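If you want the building blocks of each chain, they are given just below.
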Amino acid sequence: MTKKKRQWPDLQQKLERPWCYYCERDFDDLKILIQHQKAKHFKCERCYRRLNTAGGLSVHMNQVHKETLQAVENANPGRQSLDIEIFGMEGIPQEVIDQHNQIVTQQHFHEQAERAAATGNPQQGFYAGNEGRVSKRPKIVESKEDIKARLASFKHQKLNGGSTGSGDVTPVGTGQQSPTNPQNSASFQAEGSPAFPPGMQGSPPPPAAQPFGQQPAQFGQAPGYGPPQGGFAPAQQFPPNGPPYQGQYSGAIQQFGGSFQFGQNNGPPPSRTPPVNGTLPPRPANVIAPQGLPQRPQFGALAPSQFPTPQQSRAGQNGPAYGQVPSGNELSNDVISASVDELISDAKGAATAILTADAAAEKKAKKDKNIKLVYFDESVSPEEKLAQKARYAFTPEQRNDVVLDIPMGGAVTSTVST
Amino acid sequence: MAGLFGGGAAATATSSTVGDTSKDVDVPSSQMPGDSISDLAFSPQNDFLSVASWDKKVYIYEVNNNGAQGKWAFEMKAPVLGCAWSKDGTRIAGASADHTAVMVDLRNAPQSGSASLQTQQVAQHNDTIKCVRWFQHGGNDFVVTGSWDKTVKFWDLRSDKPAGTLDCAERIYTMDVKNDLLVIGTAERHIHMVDLKDPGKIYKTITSPLKWQTRVVSCFTDATGFAVGSIEGRCAIQYVEDKDTPLNFSFKCHRQQDPSARDVAKVYSVNAISFHPIHGTFSTAGSDGTFHFWDKDAKHRLKGYPEVGGSITATGFSKDGNIFAYAVSYDWSKGYSYNTPQQPIKLKLHPILGDECKPRPGSKKR
């Protein structure tokens, strides 16, 4: 693959382009420049022979056509001289090179400025208002404790044999989890829940979005847990605030509906259902149902909307002791993920089967279209067909004659049976 | 016919790439076989040409400046599908649908005339013997026969028992020997290679590089590899040793544009491939009734020739490569209904003039 050309080459690239001494044209590469020179400047007008240099052309004209070359064809004024031997980029006097570079540089900046003016974008390498480039992904600043907690949760998850998909392990960037979440946290703060501990500030309806794996660790930080609850409670208790609250939370509700319910019931478990989200990797595949895939009735109810199934939430609810919860969840998760895997592999198989069938059909069609075999019997040679004709048929009687004729009867009779 | 392969290029450069068949010499019809020609072979030592025919006979012609003169013939019990000369040119073997192969020693032959020759059976199979070749092992001459009974057998000419038997994957359709290389092409696209220094076992088995039925295999002049022709107008160049595999390639040939549908190519079978004994270039000939000379190293077609009036079923170069013989007969490629008496049966001798078969000196490898 060739490298994609930059839309706006930078100055260095422009300066590196080979250019023609005679006409100041620049080219993509040296070979083309040389071709250009042979075609435009070093071509003999009499016989269309192309020479490599002006000197060569001069000698050629002299010897072959008995003429003298006066000037280089198609050259800019002042560059027509035959005295300088130019071949490609070789032989160009330094001052001419400097001059050329200067022109190119000037032109480059001129263009850039014009472009900046036209588009209103900052020039390449500059940022308006002197601010540095705003990186789109904020830095993840994790304290030692956070890292340790994450490690612990990871280990825990490993021990449980849970999925270790990247989604579970990556530092779930604070405030970065889902588009709706930051908004939520903002609203929380706006509503003035002072109980939010500083550590939790950035992490929005935090546990909710956090993957399952982190759960235990968070529970370990017991103090951290109360506040969110507190944060929730007021919101629920404010009927007048109800409508705005709901409006603000609609996103969250959609996504974490199950968890929200939990919150109402138990307080803590908001974190419990997200695992379902976290450990169901196949989601995207479900949402974007590929064409040609068979229907998945079983799963359809569960997957497309991200709500946990009643079954799951019930499992969560029924588990009174906290310690049991993970196992309960995990069980259902395992079951689900197993069934999901199965479904996916089924669907995949079906899809690939369809694809390959299509491909085969297409190939066949193509073949059929383009060629017509005059002899098309793949498994039998023409000679064999011919030999079957009555005219050529070889009958056992004849073979017996052979046996009589030739003193190799033993060998032959042993084979007559065929 | 120009433009068959090279497209426009061939059409414009008619003089250099299209050959002339007008000087080709016909074998007079009075001396011709009475039925389709299945195989032909030049003697490696003398100016003899043997021709095997479906009329159950093998004809031997003497080739001189005036053309070919019928010299001898011998008859078998069923159509003869193959013939071959021993290395010293003294004996000739014929392979027949009567499940046998016979040998004729020309040293005992009457000096002239069409007198029948004394045959001696050398091989016996359980089905039609499709091809026969000679080779030398330990200084002795052997005959190798390939049959539709899926075996290849070696015969030492003295015993009625084979000196060796190779069980092949399928019915043997084609076979060729050069020096110590024996290549066997079978049905279902198997190709066996045998090192004749160790004829007891198959040296290597491959599936044909071509996607369709193998029609013919032919060893290079230097025996480093072989060419394969298939029913789908395609020819593959295949080297024996793995180190040479980068040199393998295949190319299309013997195809025609269907006049009724422009995007449909009529694809003919490649019936015969012969290597030039000196230059190492080779010929292909097909059901479309054309033959072409190629240079495998330059991947170049040297010459193409206009249609000769019927399918070409067999080809061969004379011992010094000065004559290219080709047989025009019906090869059954179009089925039963085309097998009419109007189908020409011809045996033609094409003089190789000038550079027709020489690799072009400046032609670079592409």
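Because the structure is a prediction, the values reported are computed rather than measured.

**Student:** How would you explain the packing of aromatic side chains if you had to name every residue and give the values?
**Tutor:** Residue and element names in this part refer to chain B. For the structure on display, the rule yields 23 aromatic pairs over all chains. Ring plane angle 65° and centroid distance 5.5 Å describe the contact between Phe48 and Trp72, whose orientation is recorded as edge-to-face. Remark: Trp72 occurs in strand S5 (residues 67–75) and Phe48 occurs in strand S3 (residues 48–53); sequence separation between them is 24 residues. Residue Trp72 is classed as buried on the basis of its relative accessible area of 7%. The rings of Phe220, Tyr239, Phe249, Phe251, Phe275, Phe282 and Trp294 are connected pair by pair, giving a single aromatic cluster. Lying over the aromatic face of Phe220, Lys296 brings its terminal NZ or CZ to 4.3 Å of the ring centre. The lysine or arginine in question, Lys299, covers the ring of Phe249, its NZ or CZ lying 4.6 Å from the ring centre.

**Student:** How would you summarise the pattern of salt bridges if you had to cite specific residues and measurements?
**Tutor:** Residues and elements named next belong to chain B. Throughout the structure, instances matching the rule amount to 26 salt bridges over all chains. A salt bridge links Arg107 to Asp105, with the shortest nitrogen-to-oxygen separation between them at 3.0 Å. Asp198 is the salt-bridge partner of Lys201, the closest N and O atoms lying 3.3 Å from each other. A residue is classified by how much of its surface remains accessible, and Lys201, at 46% relative accessible area, is partly exposed.

**Student:** Break down the confidence of the model for chain A for me, with residues and values.
**Tutor:** All names here are of chain A. Scored by pLDDT, chain A has a mean of 62; 39% of the residues are at 70 or more. Between residues 164–295, whose pLDDT stays under 50, and residues either more than four places distant or in other chains, the model counts 159 contacts. In the model, residues 361–366 has pLDDT below 50 throughout and makes 0 contacts with residues more than four positions away in sequence or in other chains.

**Student:** Can you break down the UniProt feature "repeat: WD" (unreviewed entry) in chain B residue by residue, with the values?
**Tutor:** The residues that UniProt annotates with the feature "repeat: WD" (unreviewed entry) are residues 122–165 and 270–295 of chain B. End C-alpha to end C-alpha, residues 270–295 of chain B measures 17 Å, and it is 0% helix and 62% strand.

Conventions adopted
- Residues numbered from 1 in each chain as written.
- Chains lettered and ligands numbered in written order.
- Predicted model: local features only at pLDDT ≥ 70, side-chain atom pairs only at ≥ 80, totals over all residues.
- Heavy atoms only, no water.
- Phe/Tyr/Trp six-rings, centres within 6.5 Å; stacked < 30°, edge-to-face > 60°.
- Helix = DSSP H or I, 4+ residues; strand = E, 2+ residues; numbered from the N terminus.
- Buried < 20%, exposed > 50% of the residue type's maximum accessible area, 1.4 Å probe, protein only.
- Lys NZ or Arg CZ within 6 Å of the ring centre and 35° of its normal.
- Salt bridge = Lys/Arg side-chain N within 4 Å of Asp/Glu carboxyl O.
- pLDDT = per-residue confidence, 0-100.
- Contact = heavy atoms within 4.5 Å.
- UniProt positions renumbered as here; feature names shortened; annotations may be inferred.

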